[in-house]
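What follows is the residue order along each chain.
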Amino acid sequence: MRTISADPDEIDVFQRHVEEDEYIPTFQQEDDESSEDYDETDNVSGSVSSSSIASNSSSTTSRFVAENSHNTDVHDVKPDVPDEFIPNKLMRFRTVNDAIDMYRSYAEKAGFDVRLNTERKSGERVIHKYLVCHRNGKLPNKSVEIKNKRNTHYRSTNCKAKIVIKHIDGSTDYRFDKFEELHNHEMEDAFHLRKNRKLSFSDKEFIMRASTAKIGATKAYKLKATLKGGFEQVKGKVVDFKNFTRDMGSIIGSNDAQLIVNKLLDRKENYPNFSYYQRLDENKVLNALFWADETEKAYYNEFGDVMSFDATFRTNKYGLVFVPFTVIDHHKSSVTVGAGLLSTEDVPSYKWLLQRFLEAHGNKHPALVLTDQCPSLKQAVESMFPNSKHRLCMWHIMKKLPKKVGQEFLKTTNFKKQFKKIVWDMDMKPDMFDHKWNMLMQEHVFDLKTSSWFSGIYEIRDSWIPAYINDYPMCGMMKTTSRSESMNSFFISYSQADNFFVNFMRNYDNAISKIRFAQRELDHTTKIARYVMKTPREIEIHASKVYTNKMFLEVEFKAAEKEIKCSCDHFNRFGILCRHAFKILLNKDIKEIPERYVLRRWRKDVLSANYNLTRDQFDDRDIEVTKLVSEAYYNFESCLDLVRDDKEKLAAFVHKTTSMLKDAKSDSSGSVSNKNSDVVERFIGVPIPDKVDIQVPNVQNNKGCGKKRLVGAAENAILKAQKKTRICSGCGKREPHNLRTCPVFFPVIRSNHIYLYVFDLKNTKVVVLDNMISDAIFSKTYVHLKTLIRYFISYLQEVNHTRAYSFSRVLIPKKVFETVSMTRHNKVDCGVFAMRNMEVYKGETKQHYNSGIPVESDFQKLLLSRMRSKYLHSILLSHINLQKEQVLEKARKYAQLDPKRIENDRRLASLAIDTRLHMVALEESLKEKVD
């Protein structure tokens, strides 16, 4: 670029200055889509006064310098542009827009942006059109103090560069009338110009379509740059992508509920057999939706014998729970047969949803319904599906087991293995289950009368134990809601917690499209599959012709009569003959599976023979237009692939496409509007409503929408135990403390009773851990506590411990630290209690501490006996045990004894309970920790 003086005599162009008496109207911004709230570099003055524009160049410069004293290097800049692109008076244009395009092309090459200013009209014809530099406008008055105004800088420099387009009298053409070429600021790179930052329709569509795949504006910008080959190849910056996302949200905003209802209503009117229902409250706020299309209805009609549904959360910004209904198709894949949104998880809401489900599906009830233990769901299902068997999810029940009996008990016993063995057995009869359940409870000293959880799940055993549900057809297909959990997880992978309703629906359509595409792939695989038969029997060939690929591969040809019954009841549970039945058919030389034993739901032609399901998703635009757009993209990319390595051919290709672009621009009829509102309308598929009759709901607080639930002491202890922390160099454990704050345990033996004094350096407190409940006076029972605390404080001061000062002000406890495991009668297991407390106590409060030992009971005795064996084994084989080698030698000799003599040999047992050995280990451990 060239920098010259602003002498008008040296500029050989037509008139460049505005005469003193010329009037230019106040500036009005016409391009309402150019705002950039995220871009701190854009702050354009809102108006230009007539007096400031009427000034000459020198006065403007002096005034600009006076108003911007911080900018001492003010000069006039003439853009360095080839002469053929510079506007001149001889140019003629058919329309105003042609003239504007020419000047914008010049501005792009020069390095500045153009802003449309005012215009004068005579009737409908434009007489004058003013175009100014984007830096036109005054700086705000700096003398006025504005409180709480953020620091920023301004792009306005009161630049006088402009051009005036004038209508030619007696003609329909236009020409340039006045041209001010000089600028008072430096030119910019083309990449930073607003013209090149304006997002195209395709860019905006890309952002919206990316959102349906859970890709936000920032990631969409990075993805676009990767596809284009660099960030400099992308129109706009990341802030422009974010601004469009913000604008899209503003356009949808309060229209969201009305838009989703209009969208579903449009589908009901235009697509066959589409159903949707809505529920509004007294304020016309949307609080429930249900919808199902023709394909989902076909799936339910064929595969709706067993159904599962479960609510999921965080799919929309209003906190409404998403409830998809899931069945298993003929490929044994999960498919959705309808979905709903609910504002509350109460009984009336679930009843409304199930009633709408039945209406949409012709009042057909499933044979078996699977849900979790939600009380509202249970009441609604029993009320709306009276002829269906309601089964509870076994997984939701089984996952509570560790919290009810404790992790320590499950690790030291085989209770979990035995429990799972009897509850998951599908071949067990109810009376046998009752017998084995009672035996298991007695073996592990569980009392059903005192264990409320075991008693509760046993009372409802007919709703979750397979032994009580085996008589129901297809009961073996689903035992848990894992199918629903899996589908919920699949939908969440497409959705986001801050979605509007219309965005959520697009995400839902995307997910459904993925499911149906996968099913078409399975149909295709089944159609073209050719199998290598395991046997030469014709019955196997017949099975390959009638069953889908998935089901045929599950058939075991080791067995199959016109009427077959088998004690395993496999056909009733799964809808396919067992190997025993196939063996009978083979022995009878039956060449085809009897028709009655080929269930319709497993046949490969179950859908194609009865339904014409060609639509896998809803496209709110003309399907033919969508296909043509896709074909156009394909043709362009294919041509580009052919010429990309030949520079000459590539240049010719660019020339042809540029010519096509000019032709398309000249024929503006039918062109797509690039206004944000129009782009959003096309994406949504319905127009933005002028009147809103249905209001958006407030954010709901349902049980899984992110609101923290209350956590019990036992569960809190488990969660803390699972949390990874640093390894303490004092105790060698992963604990939330270090060597300086590691709790110090002082085991005390008094009258053959062991208890603990705990000096908690981290929390600056002293705790007495004693398993015995005593009515004696605290100060008389723990008489040496004060003296020990005094000695310990002196020790901390002597070694200059960082906690010496704070611990010197510690409060002396007045009572024992109470735990749920404290006993009144057990006096022999005090050592086990002490060891357990030293193992798990980390300074918790009474409300949050749980040692894992239950209340005093037979179960507590059993658990303590197992802990005693564990601790004695660790002590005897520890490196601090002075008699370790003697113990190992005696253990080796003991293992070589005749098994018949082992029962009478008590030497090792007496050694294991040697009190002196026990105390030596404790004393050495304490000494090592204090040192």
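For the structure, check the block above.
Residues numbered from 1 in each chain as written. Predicted model: local features only at pLDDT ≥ 70, side-chain atom pairs only at ≥ 80, totals over all residues. Heavy atoms only, no water.

**Overview of the pairing of strand β14 (residues 744–750)**
Alright, step 1. Here β14 runs beside strand β15 (residues 753–760); their pairing, made up of seven bridges, is antiparallel. Across the sheet, Val-748 pairs through a bridge with Tyr-755, a residue of β15. (Pairing = 2+ DSSP bridges. Helix = DSSP H or I, 4+ residues; strand = E, 2+ residues; numbered from the N terminus.)

**Examining the nonpolar core**
Alright, step 1. Core analysis: the largest hydrophobic core is formed by 84 residues, its most contacted members being Phe-290, Trp-291, Phe-309, Phe-325 and Phe-357.
Alright, step 2. The leading source of residues in this core is helix α19 (residues 501–528), at eight residues.
Alright, step 3. Residues Ile-397, Phe-415, Phe-433 and Trp-453 belong to the second largest nonpolar core, which totals 48 residues. (Core = buried A, V, L, I, M, F, W, Y, C linked by side-chain atoms within 4.5 Å. Buried < 20%, exposed > 50% of the residue type's maximum accessible area, 1.4 Å probe, protein only.)

**Let's talk about the packing of aromatic side chains**
Alright, step 1. Evaluation of the coordinates by the stated rule reveals 48 aromatic pairs.
Alright, step 2. Between Tyr-103 and Tyr-106, the aromatic rings sit 5.7 Å apart at their centres with planes inclined by 35 degrees, giving tilted as the arrangement. Of the two residues, Tyr-103 and Tyr-106 are both situated in helix α3 (residues 96–110); the distance of three residues between them amounts to about one turn of the helix.
Alright, step 3. With relative accessibility at 1%, the residue Tyr-106 sits in the buried group. (Phe/Tyr/Trp six-rings, centres within 6.5 Å; stacked < 30°, edge-to-face > 60°.)

**Here we look at the sheet that holds β14**
Alright, step 1. The three strands lie next to each other as β14-β15-β16, forming an open sheet whose pairing is antiparallel. Every other strand in the sheet has two partners, leaving β14 and β16 (765–769) as the edge strands with one partner each. Across the sheet, the mean angle from the axis of one strand to that of its neighbour is 20 degrees, orientation sign disregarded.
Alright, step 2. Strand contacts of helix α29 (residues 785–798): β14, β15 and β16, with the helix running at about 40 degrees to β15, the strand carrying the most contacts.
Alright, step 3. Strands β14, β15 and β16 of the sheet are contacted by helix α31 (residues 830–840), whose axis makes an angle of about 20 degrees with β15. (Axes fitted to C-alpha atoms, helices over the stretch in contact; angles between N-to-C directions. Contact = heavy atoms within 4.5 Å.)

**Side note on the sheet that holds strand β6 (residues 174–180)**
Alright, step 1. What the four strands build is an open sheet, ordered β3-β4-β5-β6; its pairing is antiparallel. With one partner strand each, in any of the chains shown, β3 (114–122) and β6 form the two edges of the open sheet. With strand direction ignored, the average angle separating the axes of adjacent strands in the sheet is 20 degrees.
Alright, step 2. Examined bridge by bridge, β3 and strand β4 (residues 125–133) share seven bridges and lie antiparallel to one another. Pairing of Glu-119 across the sheet is with Lys-129, part of β4.

**With respect to the pattern of salt bridges**
Side chains that differ in charge, positive against negative, can pair when their charged atoms come close.
Alright, step 1. This model, assessed by the stated rule, comprises 22 salt bridges.
Alright, step 2. Between Arg-356 and Glu-359 there is a salt bridge, with its nearest N and O atoms 2.7 Å apart. Taken as a pair, Arg-356 and Glu-359 lie in helix α10 (residues 347–360) at a separation of three residues, close to a single helical turn.
Alright, step 3. Classification of Arg-356 by relative accessible area gives buried; the value is 15%. (Salt bridge = Lys/Arg side-chain N within 4 Å of Asp/Glu carboxyl O.)

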